[in-house]
Amino acid sequence: MTSGMVFAATGAVLFAMGVAGVVLLDHLMRRILAFNLMGSGAFLVLVGTAQRDGSVDPVPQAMVLTGIVVAVAATALAITLARRLYTLSGRTELSGTDDD
Amino acid sequence: MTDPLVWLIVLPLVWASVAFLLGPSRGARLAVAGLGFQLLLALDLTRMLMTGGPRRYAVGGWGAPLGIDLFADGLSAIMLLLVQSIALLLAIYARSYFKPGAASRHFWPMMGFLVAGMNALFLAADLFNVYVTLELVGLAAVGLVAAGGEAAQLAAALRYLFATLVGSGAYLLAVALVYGTYGTVAIETLAPLIDARPPLAVWLAGALMLAGLLVKSALFPFHFWLPPAHGGAPAPVSALLSALVVKATFYLILRLWLGPFAPLAAAAVWLPSVLGCVAILWGSIMAIRTRRLKLLVAYSTVAQLGYLFLIFPLLAPDGIALQAGVLQAVAHGLAKSAMFAAAGVLIIASGRDAVEGVAGAAQHLPLTLFAFALAGVTLMGLPPSGGFLAKWLLIDAALLQGQWWLAAVVIAGGLLAAVYVFRVLRQAFLIVPENAVIAPVPRVLEWATFVLAAASVLLGLGGMEIVRLLGVGAPT
């Protein structure tokens, strides 16, 4: 197993853990962190699978940089919304029935 | 630098940024002017496509793989026209809907970023740019849902945000797997590379992409985030999201399904249509049961999205099912924006978001009620509306291929739509008690709503133009 594939496999595991966290956890902050874990997993797969023959490919690195910018923006938005929700209602999780 | 492809993305970014710099609640006039100009650009692009065929543009003169290519064919042009025309009418609507200093302080910049993201998505020529545009659309849409600032809206926005982030995360992982296998993400280059027996990683990528995009399209059972988000947001926001944003991911599924992933499509061909059938029935039943007016319209979106996914098993032999799907996307976009706009007017008038609150609308707001009914005609699929044409073609395609049960679901869905539309209309003709207060409503709200609804019905007469445009650069 090459080092690239080790990174990719780790990334896949991290991604799965992240998805499980976003779906199964209740606390908003934990879910936001889980989303970041998920994103990092995808980035590792992206960088890992693209360097099979030893040479470094710049394109996935550019993609990961773009992805990090997106993830930072999404995290900032999520934290802002979660803080605002906490200020207004004192809740740190989404209750199951706020529709109808 | 005069190519409409670039300006359709740059222009909304510019007016959104200027609107943000102008400060809270400013920039409405700028938005209307910008969207008007974008509509002209989209029409110009359509004219170019009709005469010159599909168009490609390398941004900044840098070609793929390091540069960014934009690509437009008939399908993209239809979606671009739909977005610019609905967004323009909704911008005119929103200008009078939002009172100065009200909850919607950052509506205009976020609407601009949303439109820019959608335009970029319809013009993206590689899978990674699609990811970036998906995120741009998702974040702007979440911001719009939260714009009202109440706790329920924030909770709905967060639920939507997590759903959309998981969806685009799955999509990004799929892009990583595709790049790892083929070393490219350009849609055009990928198409000949993927054959009927691809490696396991590509199967996995296809499944992840489909799952991620279905979550973002709110197809049953992933619809859980849609009713609170669309039902709780201010009316112009609900209209933008229900009419356009969920269509963007449908467009993407269609494009990938017919394009590079066509060899893999056979494996999952029944999945979207079975989920679509359940969505039609479930969404309609929930719309019939709910007591809130906007939630009724939101559940109707869950149902109407189901029709879009019925077409997938019927796509193969000829173009009828594709035409049905695209016409349904356009007809539903116009009708649903009209219906949310009408619901917004009715809620302003009655002061509450309840189906019962509509009572007396027939006397006080006949134009709005007429618009609501016209939109209902499209959703039910009665002639001569665009919805009729779409559902007729869909039934035609289903019967031609012996899938009579799909035709049965289409007809049942139309009857169920009639039930929830008439629930509202019946209320509207009730006599209001003497002491009821009916707030005055600006006329421009009513007229913008009416134009959207009338367009959804007249689409039935102009449907052949859309079919002709769809033929430009069609994959078949």
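The structure displayed is predicted, hence computed values, not measured ones. Counting from 1, residues in each chain are numbered in the order their sequence is written. Going through the entries in the order they are written, you letter the chains from A and number the ligands from 1. pLDDT decides what is reported in this predicted model: residues at 70 or higher carry local features, side-chain atom pairs at 80 or more are listed and counted, and totals for whole chains, interfaces and linings draw on all residues regardless.

A word on the overall build of chain B. Where helices and strands are cited, they refer to DSSP runs of H or I of at least four residues and of E of at least two residues respectively, numbered from the N terminus. A count of helical and extended segments in chain B gives 19 helices and 2 strands. Radius of gyration here uses only the C-alpha atoms, and the compact-globule reference equals 2.2 Å multiplied by the residue count raised to the power 0.38. Relative to a compact globule of 476 residues, whose C-alpha radius of gyration would be 23 Å, chain B shows 21 Å and is just as compact. Principal-axis analysis of the C-alpha atoms gives chain B an extent of 70 × 55 × 45 Å. Buried residues in chain B amount to 63% of all 476 residues. Here, residues touch in the contact sense if the C-beta positions derived from the backbone fall within 7 Å of one another. Within chain B, counting contacts between residues at least 6 apart in sequence, those at least 24 apart form 80% of the total. Three exposure classes are used. Buried residues have 20 or more other C-beta atoms within 10 Å of their own C-beta, exposed residues have 12 or fewer, and partly exposed residues fall in between, all C-beta atoms being placed from the backbone.

Looking now at the overall build of chain A. Helices and strands together make up the secondary structure of chain A, namely 3 helices and 0 strands. Tracing chain A from N to C terminus, the helices and strands come up as α-α-α. Scaling as 2.2 N^0.38, a compact globule of 100 residues should have a C-alpha radius of gyration of about 13 Å, whereas chain A reaches 17 Å, well beyond that. Relative to its full complement of 100 residues, chain A shows a buried share of 36%.

Here we come to the packing of helix α3 (residues 58-89) of chain A against helix α6 (residues 151-182) of chain B. At a closest axis distance of 10 Å, the pairing of α3 of chain A and α6 of chain B adopts a crossing angle of 165°. Comparing the axis directions of α3 of chain A and α6 of chain B gives the class roughly antiparallel. For the crossing formed where α3 of chain A meets α6 of chain B, the hand is left-handed. Counting all contacts with α3 of chain A, which are made through P60, G67, A74, L77, A78, L81, A82, R84, L85, L88 and S89 of chain A, the residues of α6 of chain B involved are A151, L154, A155, A157, L158, L161, L165, L172 and Y179 of chain B. All residues other than Ala, Val, Leu, Ile, Met, Phe, Trp, Tyr, Cys, Pro, Asp, Glu, Lys and Arg, Gly among them, are scored as polar; the first ten of these are nonpolar and the last four charged. Here the residues of the contact of α3 of chain A with α6 of chain B sort into 17 nonpolar, 2 polar and 1 charged. Lines are fitted to the C-alpha atoms to define the axes, a helix being fitted only along its stretch in contact, and any angle between axes, read from their N-to-C directions, falls within 0 to 180 degrees. In this scheme, roughly parallel covers angles under 35 degrees and roughly antiparallel covers those over 145, while 65 to 115 is roughly perpendicular and the rest are oblique. By convention the crossing between two helices is left-handed if the near helix lies anticlockwise of the far one by an angle smaller than a right angle, and right-handed if it lies clockwise.

Let's shift gears to the packing of helix α5 (residues 127-146) of chain B against helix α10 (residues 235-258) of chain B. All names here are of chain B. One can describe the packing of α5 onto α10 by two numbers: an axis separation of 11 Å at closest approach and a directional angle of 160°. Classified by the angle between their axes, α5 and α10 sit roughly antiparallel to one another. Of the two elements, α5 crosses α10, and the hand of that crossing is left-handed. The residues of α10 that touch α5, namely those facing V130, V137, A141, L144 and V145, are V237, L240, L241, V245, A248 and L252. Classifying every residue of the contact of α5 with α10 gives 11 nonpolar, no polar and no charged.

Okay, the confidence of the model for chain B next. Residues and elements named next belong to chain B. One number per residue, pLDDT, summarises how confident the predictor is, and it ranges from 0 to 100. When pLDDT is averaged across chain B, the result is 91; 97% of the residues are at 70 or more. Looking across chain B, the model is least confident in helix α15 (residues 361-364), with a mean pLDDT of 85, and most confident in helix α4 (residues 107-123), with 96. Here the prediction assigns the complex a pTM of 0.95, and the interface score ipTM is 0.94.

Attention shifts here to the nonpolar core. In this usage, the nonpolar core is the set of buried Ala, Val, Leu, Ile, Met, Phe, Trp, Tyr and Cys residues whose C-beta atoms join them within 7 Å. Ranked by internal contacts, the top residues of the largest apolar core, which has 237 residues, are L114, V145, A157, V175, L240 and L394 of chain B. Once you skip the residues sitting within four places of it in the chain, V145 of chain B turns out to touch Q153, A156, A157, Y160, A229, A233 and V237 of chain B.

Taken residue by residue, the interface counts 33 residues in chain B and 33 residues in chain A. Of all the secondary structure elements, the ones that give two or more residues to the side of chain B that touches chain A are α5, α6 and α9 (226-232) of chain B. By residue number, the principal contributor to the side of chain B that touches chain A is α6 of chain B, which donates 18 residues. Tallied by class, residues from the side of chain B that touches chain A come to 25 nonpolar, 5 polar and 3 charged.

Let's shift gears to α10 of chain B. Residue pairs spaced three or four apart in an α-helix point in one direction, given the helix's 3.6 residues per turn. Expected helix span is given by 1.5 Å per residue-to-residue step, counting one fewer step than there are residues. Counted at 1.5 Å a residue, the expected span for α10 of chain B with its 24 residues is 34 Å, and the 34 Å between its end C-alpha atoms agrees. Most of α10 of chain B sits out of view: 23 of its 24 residues are buried.

Right, let's talk about unusual backbone geometry for a bit. All names here are of chain B. The step from F220 to P221 runs through a cis peptide bond, and the omega angle for that step is 0°. Tracing the chain through its elements places P221 in the loop between α8 (200-217) and α9. Even without being a glycine, A218 presents a positive backbone phi close to 60°. Examined against the element boundaries, A218 turns out to sit in the loop between α8 and α9.

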